[in-house]
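Observations on the model geometry
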Amino acid sequence: MTDFPEKLLAGYNNFVTTLFSNEQPRYQELATVGQSPDVLVIACCDSRAAPEMIFNTKPGEIFVMRNVANQVPPFQSDGEYHATSAALEYAVQVLKVQHIVVLGHGRCGGIRVVLDMESKPLSSDDFIGRWMGLLRPAVEVISTNAQLTQHEREIALERISLRCSIANLRTFPWVNALERRGKLHLHAAWFDISSGELWVLDKKTSEFQLYE
C-alpha cells in the first residue's frame, strides 16, 4: 500500500472485525439518524488521556474537543480562527448538549512547559507558548511559592487551569444564558494517569473530590 502507519492499519483491521462488527446496527443508526450526544468533553490532546476510554463510552455518546492542556479561551468575536470556540458553539447550539465537562489530567506536557521559565519556543511562531499564555497570571503566583515542589506546582496548575476554563466558558453569552436557565451544566474533572483516579470539582465547595 502506501507508507500509512502499519500499526493503525492493524488496529483498523481489529476494529472492523470485532467492535464494528458487533456494533454495526448502532453505527448504521448513527449514520442515518445522526449523533445526539448530551455531553461535550473538552480534553487534552495527550495520547494517555482519551475521554472515550476513561469514561468507557460508546460511539455517539459524547462529543469530544481536544486541544493542548484542555483549555477554554475567553469569548472573542474578532474574526480570527477559534477551533475550541467553534466546537463549543456546535455542541451547544446544534447538538444541544446538557453537560460540558472540562477534563484535565496529571503530568500534562502543556502545563509543564508553561511552568518551565527556561523553556524556549519550539518555533519562531511559538503557537504553544501563546496558547499556554492564557495561564500566565496563575503561573506567576504558583512559581513564586517556594514551599511547593515542581510536581506539586504542576498538579496545582492543572487544577487551576480547569477552574479558569469553567470561568471562561461563562464568558460565552449563550453558555451563560443556558446555564442560568438550568439547561446547561458545567463540570470539571482531573484524571491521574498513574493511578487511574478521577477527581471531580464539587460545585458547592469548589474543591476537587476523589470519586470513589
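Not measured: the values here are computed from a predicted model.

Take the packing of helix 5 (residues 83-93) against helix 10 (residues 173-180) next. At a closest axis distance of 10 Å, the pairing of helix 5 and helix 10 adopts a crossing angle of 35°. Crossing handedness for the pair helix 5 and helix 10: left-handed. Contacts between helix 5 and helix 10 pair Ser85, Leu88, Glu89, Val92 and Gln93 from the former with Trp174, Val175 and Leu178 from the latter. Counted by class, the contact of helix 5 with helix 10 contains five nonpolar, two polar and one charged residues.

Our focus in this paragraph is the pairing of strand 5 (residues 198-201). Of the strand pairs in this sheet, strand 4 (residues 185-191) and strand 5 are connected by three bridges, and their pairing is antiparallel. The partner of Phe191 across the bridge, within strand 5, is Leu198. Where strand 4 folds back on strand 5, the antiparallel hairpin that results is connected by six residues, among which Gly196 adopts a positive phi of roughly 80°. The hairpin turn running from strand 5 into strand 6 (residues 208-210), its antiparallel successor, is six residues long, and Ser206 in that turn takes a positive phi close to 65°.

Parameters and conventions
Residues numbered from 1 in each chain as written. Predicted model: local features only at pLDDT ≥ 70, side-chain atom pairs only at ≥ 80, totals over all residues. Heavy atoms only, no water. Axes fitted to C-alpha atoms, helices over the stretch in contact; angles between N-to-C directions. Helix = DSSP H or I, 4+ residues; strand = E, 2+ residues; numbered from the N terminus. Left-handed = near helix turned anticlockwise from the far one by under 90°. Contact = heavy atoms within 4.5 Å. Nonpolar A, V, L, I, M, F, W, Y, C, P; charged D, E, K, R; others polar. Pairing = 2+ DSSP bridges.

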